[in-house]
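# Descriptive structure summary
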Amino acid sequence: MDIGIVLQTTPPARRVIDLAKRAEALGFSHVWTFDSHILWEEPYVIHSQILAETRNVIVGPMVTNPATRDWTVTASTYATLNEMYGNRTVCGIGRGDSAVRVTNGKPTTLATMTDAVNVIRELANGRSVDYKGSTITLPWAEKSELEVWGAGYGPKALKMIGETCDGFILQLADTQIAEWTISAVRTAAADAGRDPDDITICVAAPAYVGDDIEYMRDQVRWFGGMVGNHVADIVMRYGDETDAVPQALTDYIKGRQGYDYNQHGQAGNTHADFVPDEIVDRFCILGPPSAQLERLAELRELGVDQFSIYLQHDGKDHTLTEYGERVIPFVNETKLAKT
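The sections below set out a description of the structure shown in this document. What you are looking at is a predicted structure, and each value in this text was computed from that prediction instead of being measured. Counting of residues starts from 1 at the beginning of each chain's written sequence and follows it residue by residue. Reporting of local features is limited, given that this is a predicted model, to residues whose pLDDT is at least 70; pairs of side-chain atoms are given and counted only at 80 or more, and all residues count toward the totals for whole chains, interfaces and linings. Only hydrogens and water are set aside; all other atoms, that is, all heavy atoms of the structure, feed into the side-chain values.

### Comments concerning the packing of aromatic side chains
Test applied: Stacked, tilted and edge-to-face are the three classes applied to pairs of Phe, Tyr and Trp rings, where Trp contributes its six-membered ring and a pair requires centres within 6.5 Å; stacked means planes under 30 degrees apart, edge-to-face means over 60, and tilted covers the rest. Whether a residue is buried, partly exposed or exposed follows from its accessible area with a 1.4 Å probe, protein chains only, as a fraction of its type maximum: under 20%, in between, or over 50%, in that order. We count a stretch as a helix when DSSP gives it H or I for four or more residues in a row; a strand needs E for two or more, and each element gets its number in order from the N terminus.
Taken as a whole and judged by the stated rule, the model has nine aromatic pairs. Judged by centre distance (5.6 Å) and plane angle (90°), the ring pair of Trp222 and Phe223 falls under edge-to-face. A relative accessible area of 0% means that Phe223 is categorised as buried. Centroid distance Trp222 to Tyr310: 6.1 Å. Interplanar angle 75°. Geometry classified as edge-to-face. With Trp222 in helix α8 (residues 213-238) and Tyr310 in strand β11 (residues 306-310), the pair connects residues that are 88 residues apart, well separated along the chain. Across the pair, Tyr310 and Trp222 agree in class, each one buried. Ring pairing ties together the aromatic residues Phe34, Trp40, Trp222, Phe223 and Tyr310, which thus form one cluster.

### Side note on the environment of Thr109
Which entries qualify depends on this criterion: The term polar contact refers here to a pair of N or O atoms within 3.5 Å; inside protein, the definition further demands a hydrogen-donor-capable atom paired with an acceptor-capable atom, and it admits residues adjacent in sequence only when both atoms are side-chain atoms.
Topologically, Thr109 is positioned in the loop between α4 (98-101) and α5 (110-124). Thr109 sits 42 residues away from Ala67 along the chain, and the two C-alpha atoms are 9.9 Å apart. Of the polar contacts made by the side chain of Thr109, one reaches the side chain of Thr112; its length is 3.0 Å.

### Some details on the nonpolar core
Put simply, the rule is: Note on terminology: a nonpolar core comprises buried Ala, Val, Leu, Ile, Met, Phe, Trp, Tyr and Cys residues joined through side-chain atoms within 4.5 Å. Every residue pair with non-hydrogen atoms within 4.5 Å of one another is taken to be in contact.
The biggest cluster of nonpolar side chains holds 101 residues, and the ones touching the most others in it are Phe28, Phe223, Phe307 and Tyr323. Once you skip the residues sitting within four places of it in the chain, Phe223 turns out to touch Gln171, Leu172, Ala204, Ala205, Pro206, Phe283, Cys284 and Tyr310.

### Some points on the packing of helix α3 (residues 71-85) against α5
The criterion, for reference: For helices, the fitted axis covers only the stretch in contact; all axes are lines through C-alpha atoms, and the angles between them, taken along N-to-C directions, range from 0 to 180 degrees. By definition, any crossing whose near helix is turned counterclockwise from its far helix by less than a right angle is left-handed, and any crossing with a clockwise turn is right-handed. Residues are grouped as follows: Ala, Val, Leu, Ile, Met, Phe, Trp, Tyr, Cys and Pro are nonpolar; Asp, Glu, Lys and Arg are charged; every other residue, Gly included, is polar.
For the pair α3 and α5, interaxial distance at closest approach is 8 Å and the crossing angle is 35°. As α3 packs across α5, the resulting crossing turns out to be right-handed. Contacts between α3 and α5 involve Trp71, Thr72, Thr74, Ala75, Tyr78 and Ala79 from the former and Thr112, Asp115, Ala116, Val119, Ile120, Leu123 and Ala124 from the latter. Broken down by class, the residue content of the contact of α3 with α5 amounts to nine nonpolar, three polar and one charged.

### As for the environment of Ile3
Within the secondary structure, Ile3 is located in strand β1 (residues 2-7). With 328 residues separating them in the primary sequence, Ile3 and Val331 have C-alpha atoms 8.7 Å apart. Aside from chain neighbours lying at most four places away, what touches Ile3 is Phe28, Ser29, His30, Leu296, Phe307, Tyr323, Ile328 and Val331.

### Some words on the side chain of Thr74
Position of Thr74 relative to the elements: it lies in helix α3. Of the residues examined, Thr74 reaches a relative accessible area of 3% and is grouped as buried. Ignoring anything within four residues of it in the chain, the contact list for Thr74 reads Tyr44, Arg69 and Ile120.

### Topic: the pattern of salt bridges
Note the following rule: Salt bridges, as used here, are contacts in which a Lys or Arg side-chain nitrogen is within 4 Å of a carboxyl oxygen on Asp or Glu.
Throughout the structure, instances matching the rule amount to 18 salt bridges. Between Asp317 and Arg22 there is a salt bridge; the shortest N-O distance is 2.9 Å. Here Asp317 is found in helix α12 (residues 316-327), whereas its partner Arg22 is found in helix α1 (residues 13-25), with 295 residues between them in sequence. For Asp317, a relative accessible area of 34% corresponds to the partly exposed category. When its relative accessible area of 29% is taken as the criterion, Arg22 is described as partly exposed. Where Arg282 meets Asp174, a salt bridge forms, and the shortest distance between an N and an O atom there is 2.6 Å. Residue Arg282 is found in helix α10 (residues 277-283), and its partner Asp174 is found in the loop between β8 (167-170) and α7 (175-191); the two are separated by 108 residues along the sequence. Given a relative accessible area of 22%, Arg282 falls into the partly exposed group.

### A short note on the packing of α1 against α12
Defined as follows: Each angle is binned into one of four classes, with values under 35 degrees roughly parallel, values over 145 roughly antiparallel, values of 65 to 115 roughly perpendicular, and all other values oblique.
Taken N-terminus to C-terminus, the directions of α1 and α12 make an angle of 15°; their axes are 10 Å apart at the nearest point. Between α1 and α12, the angle is such that the two are roughly parallel. Between α1 and α12 lies a crossing of right-handed hand. Contact residues: Arg15, Leu19, Arg22 and Ala23 in α1; Lys316, Asp317, Leu320 and Thr321 in α12. Residue composition of the contact of α1 with α12, by class: three nonpolar, one polar and four charged.

So, in structure tokens, the structure goes:
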């Protein structure tokens, strides 16, 4: 199992780059960033500098969307980064959340997301694609290689990801929900004639290494609020009393009153008070290295190929060091949970 990190591109950019460099030195495989160009700094500019100052980590957004960026520009950006630094990029993509909602926009349809995945992937892999009535190619990108990983929660999104994407991103670490979503993605892939094992499974969630559970919960409670935005959309579409979506994913948002995107992804988010401790414990990984390893073992047994830490709390450096020294070296041992 690979271990990555997810960073906000909060100023100063130098701090983001330094965290990425530290992560590589500690054995992390991927460095992801938020992509919300109004709330935080432009990620692709920072990606370029991260790639310039590292040697091996793979870099990408968690996640971009088809609404705020022209698909051909997105593809050209990845192909350019690949030409400059080797094929060390990955495109995480969803329908759109904070990047579109802060401008009073709406997430795109799954049909639009499907088309965007195809255009971005084909162009960034040096292949031709039909786009707005024309056949276009990036003639200089023949050596570029890019995978596109889709993020989603609802049944239709999971089906689309299984049919279309190279990887699946689940933004929470609950094993029950992970099992359900991974199964849905793999079933859709098989039904579409694809090999389900070819789809990389990535779980992303906050992790905080320490012993003060109450304190750590408050530091990462924001994550349940963030996930709640997506779950609220699902409940609006499917209802909260349907077998289409696990009850574990829908029950907790009944106390949700609203959400302020100016506090998106921040510890102390006042619009995450509705998130109960149980959900924080299920969605995130909190506790000493032994607790981290135990949950990672459970996720690995479900077929998870990568766990990426949302590193938005006040224990960034400590958690990075603990993972580098006491988690990553043992993460793929046979008796992981007992290490």
